[in-house]
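Here are the chains, one letter per residue:
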Amino acid sequence: MWGVLVQLVSIVVLWWCIAVAEAEYVKYKDPKQPLNVRISDLLSRMTLEEKIGQMVQIDRIVATTEIMKNYSIGSVLSGGGSAPLPEASAADWVNMVNMLQKGSLASRLGIPLIYGIDAVHGHNNAEAKRQLIAAGFQLLNENEEWDLRPGGRYLFTRNMSSLVAFANGEKYTVGNGFHVIAAHTDSPCLKLKPKSAASKSGFLMVNVQTYGSGLWHTWFDRDLSVAGRVIVKASDGSFLHKLVKVKRPLCECQPWPFTLTGTVNKDGFKPNLETHLIPLLAIKLEESSSEVKEKSAPLSSRAAHHSLLMQVLSDELRCGIDDIMSIELNVCDTQPSCLGGGNDEFIFSGRLDNLASSYCALRALIDSCQSTGDLSSEHAIRMVALFDNEEVGSDSVQGAGAPTMFQAMRRITSCLVHEYVGEGAFERAIRQSFLGGVDEVKLIRVLRGRGTGVVGCVSCLPTAHLNCYVLGTF
């Protein structure tokens with residue numbers, strides 16, 4: 001009897017061990033399994049709610065450990081300033097991401113989150129921010145409480161690629177309006193694809209995709225380079241974002257030989273943007289055995305790009321290639337801007353649409369409130385709004401289609417009402433406001449015979465109940 005009991009206990013213990021082993025081992029967590037096997041296994045375990053959660057990207061402002069865990073959120077975006085603290089250090093960023101990641105890993109399936117950032121036009125935004133702070137503007141954070149005063153000058157950035165700056169008139173009273181100049185910071189360009197490494201006919205090529213509506217035939221036979229943002233791993237294990245621009249010519253989109261395009265003057269130059277608009281990077285050297293082995297290994301973020309390109313970036317940033325975690329780069333023309341014309345009256349430069357308008361708006365705000373007393377008689381609030389992603393529809397969190405500017409206006413009005421107890425302060429301020437939308441390519445005509453070729457009013461748009469005008473510059 002005792003022997004039978006021991007056997008039954010042994011069987012139960014064995015079943016329990018098998019069950020525990022099966023519960024602990026899941027294919028999608030096993031890096032030795034093929035990728036398609038892991039994906040199929042994970043999808044088979046997910047509920048409909050978890051699949052929806054994984055397809056959702058929320059803003060960092062609303063992300064918490066509990067939300068990441070309970071709703072199986074797949075991605076978080078750094079929008080709306082999105083810094084954990086003003087002038088946050090690398091450690092602050094790491095702690096923030098680790099906190100959110102802890103929530104994701106504590107969910108039922110333990111799927112890690114993807115943290116999203118945007119670096120399309122970081123250089124423009126960084127330069128505007130630098131000039132404003134140097135002029136005495138105070139940097140705000142959208143995630144924190146604002147303490148504003150009449151006569152104060154302030155700025156904030158959203159997603160590091162759009163910017164709003166404003167100066168409060170010292171005689172501002174409740175219901176007074178905003179005087180706004182709005183422009184966009186982006187320009188049509190070529191962006192490196194997530195997997196940019198390509199080769200053809202013994203040459204290293206760079207896969208790119210078009211951004212915006214550019215005149216793409218003009219990109220051929222030019223000295224090109226790359227610029228954008230790189231995520232670098234620091235010595236303490238933290239992650240830093242760094243702007244990079246390689247100033248020397250690095251690549252070129254090769255034009256077709258004339259013998260193959262004999263009808264180009266008659267029919268026009270019509271390149272295939274996928275097969276012809278591929279910048280040439282270098283001559284492909286003979287592969288070593290280690291490189292062949294590397295090709296058969298699983299694709300990493302660094303293997304997605306040519307090692308030569310990664311070496312160039314590491315030299316520019318003075319870091320190791322293995323320290324580069326991710327890149328987001330644009331192709332840019334290396335020809336410098338200059339003055340031209342018989343009297344040096346013209347500006348010859350790329351990306352004038354719309355950096356020229358952005359620069360003029362920025363300098364107008366800085367120069368108009370630079371000296372003591374410049375705001376002493378001002379009754380309104382002077383504002384400049386520089387938006388990203390205009391070239392692709394403006395519907396991103398940092399584009400003009402987002403409520404960034406109006407949210408700022410509402411907050412500014414609320415901060416300056418003080419003891420006012422009436423109603424409709426924001427609504428009345430909007431009705432008293434004026435917005436000029438300035439764009440380089442909106443000019444319809446040049447005023448002739450009047451000694452000027454400046455700007456003309458193109459259209460009057462009742463956008464969002466503001467008195468809104470679109471101006472063109474040239």
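One structure accompanies this document, and this report is about it. (Residues numbered from 1 in each chain as written. Predicted model: local features only at pLDDT ≥ 70, side-chain atom pairs only at ≥ 80, totals over all residues. Heavy atoms only, no water.)

### So, the overall build of the chain
Note the following rule: By definition, any uninterrupted DSSP run of H or I lasting at least four residues is a helix, any uninterrupted run of E lasting at least two residues is a strand, and each is numbered from the N terminus. For every residue, the accessible area (1.4 Å probe, protein chains only) is compared with the maximum for its type, and the residue is labelled buried under 20%, exposed over 50%, or partly exposed between those bounds. We call two residues contacting when some pair of their heavy atoms lies within 4.5 Å. Only the protein chains shown count as covering a residue, and every accessible area follows the Shrake-Rupley method with a 1.4 Å probe.
A count of helices and strands for the chain gives twelve helices and 19 strands. Relative to its full complement of 474 residues, the chain shows a buried share of 41%. For the chain, contacts bridging at least 24 residues in sequence account for 65% of all contacts bridging at least 6. Counting every atom, the chain has about 26800 Å² of accessible surface; 57% of that belongs to carbon and sulfur.

### Focus: the packing of aromatic side chains
Which entries qualify depends on this criterion: Side-chain rings of Phe, Tyr and Trp (the six-membered ring for Trp) are treated as a pair once their centres are within 6.5 Å; stacked means planes under 30 degrees apart, edge-to-face means over 60, and tilted covers the remaining angles. Whether a charge sits over a ring comes down to the Lys NZ or Arg CZ being within 6 Å of the ring centre and within 35 degrees of the ring normal.
Using the criterion set out here, one finds four aromatic pairs in the structure. Taken together, the ring pairs connect Trp 146, Tyr 154, Phe 156 and Phe 166 into an aromatic cluster. Seen from the ring of Phe 137, Arg 153 lies directly overhead, with NZ or CZ sitting 5.3 Å from the centre. Directly above the ring of Trp 146 sits Arg 411, whose terminal nitrogen or CZ lies 4.0 Å from the centroid.

### Re the pattern of salt bridges
Let me state the cut-off plainly: Definition used for salt bridges: Asp or Glu carboxyl oxygen within 4 Å of a side-chain nitrogen of Lys or Arg.
Considering all chains together, one arrives at nine salt bridges under this definition. Among the ionic pairs, Glu 127 bridges to Arg 130, the shortest N-O distance being 2.7 Å. Separated by three residues within a single helix, Glu 127 and Arg 130 lie in helix H6 (residues 122-134), roughly one turn from each other. Overall, Glu 127 belongs to the partly exposed group, its relative accessible area being 34%.

### Some words on the side chain of His 305
The condition is simple: Counted as a polar contact is a pair of N or O atoms within 3.5 Å, where, for protein atoms, one must be capable of donating a hydrogen and the other of accepting one, and residues adjacent in sequence contribute only when both atoms are in side chains.
In this structure, His 305 sits in the loop between helix H8 (289-296) and helix H9 (307-317). His 305 sits in the buried class, given a relative accessible area of 8%. Within the local environment of His 305, its side chain forms a polar contact with the backbone oxygen of Pro 194, the two atoms lying 3.5 Å apart. Within the structure, His 305 has its side chain in polar contact with the side chain of Ser 196 (distance 2.6 Å). The residues touching His 305, leaving out its near neighbours within four places in the chain, are Lys 193, Pro 194, Ser 196, Ala 197, Met 310 and Ile 327.

### Side note on the sheet that holds strand E13 (residues 324-333)
Quick reminder of the rule: A pair of strands is labelled paired if DSSP reports no fewer than 2 bridges between them. Whenever a helix is involved, its axis is fitted only over the stretch in contact; in every case the axis is a line through C-alpha atoms, and angles between N-to-C directions fall within 0 to 180 degrees.
One open sheet accounts for six strands, arranged E11-E10-E13-E8-E9-E12; its pairing is antiparallel. A single partner strand is all that each edge strand has here, and the edge strands are strand E11 (239-245) and strand E12 (280-283). Taking each pair of neighbouring strands and ignoring which way they run, the sheet shows an average axis angle of 25°. Sheet analysis places strand E10 (residues 224-233) next to E11, joined by seven bridges and oriented antiparallel.

### A closer look at the nonpolar core
Going by this rule: Definition of nonpolar core: a set of buried residues of the types Ala, Val, Leu, Ile, Met, Phe, Trp, Tyr and Cys, connected through side-chain atoms within 4.5 Å.
Judged by nonpolar contacts, the single largest core of 32 residues is most densely connected at Leu 190, Leu 192, Trp 219, Val 230, Leu 313 and Leu 329. Of all the elements in the fold, those that place two or more residues in this core are strand E8 (189-200), strand E9 (203-211), E10, E12, H9 and E13. Considering each element in turn, this core owes the most residues, five residues, to H9. Not counting chain neighbours up to four residues away, the residues in contact with Leu 192 comprise Val 206, Asn 207, Val 208, Gln 209, Val 226, Leu 309, Leu 329 and Val 331. Core analysis: the next-biggest nonpolar cluster, separate from the first, contains 24 residues, Leu 148, Val 180, Ile 381 and Phe 387 among them.

### Section: H9
Of all the positions in H9, only Leu 309, Met 310, Val 312, Leu 313, Ser 314 and Leu 317 are classed as buried. Against the buried residues of H9 lie E8, E10, E11, E12 and E13. The first or second residue beyond H9 is Arg 318, which carries a positive phi of 55°.

### Structural notes on the environment of Pro 249
Mapped onto the elements, Pro 249 comes out in the loop between E11 and helix H7 (264-267). For Pro 249, a relative accessible area of 47% corresponds to the partly exposed category. Taking the C-alpha atoms as reference, Pro 249 lies 5.3 Å from Leu 224; in sequence the two are 25 residues apart.

### Brief notes about the pairing of E10
Across a regular strand the side chains alternate sides, sitting on one face of the sheet and then on the other. Most of E10 sits inside the fold, with nine of its ten residues counted as buried. Strand direction decides the pairing type here: E10 and E13, joined by nine bridges, are antiparallel. In the sheet register, Val 232 faces E13, and the bridge partner there is Ile 324. Hairpin geometry of E10 and E11 is characterised by an intervening segment of five residues between the two adjacent antiparallel strands and by a positive phi of about 90° at Gly 237.

### Thoughts on a nonpolar patch on the surface
Under the convention used in this document: Excluding any residue in a salt bridge, patches collect residues exceeding 30% relative accessible area, merging like charges within 9 Å and nonpolar Val, Leu, Ile, Met, Phe, Trp and Tyr side chains within 5 Å.
Taken together, the side chains of Leu 35, Ile 39 and Leu 43 make up a nonpolar region of the molecular surface, amounting to roughly 290 Å² of accessible area. Mapped onto the fold, Ile 39 is located in helix H2 (residues 35-45). A relative accessible area of 43% means that Ile 39 is categorised as partly exposed.

The values reported here are purely geometric and, on their own, carry no functional implication.
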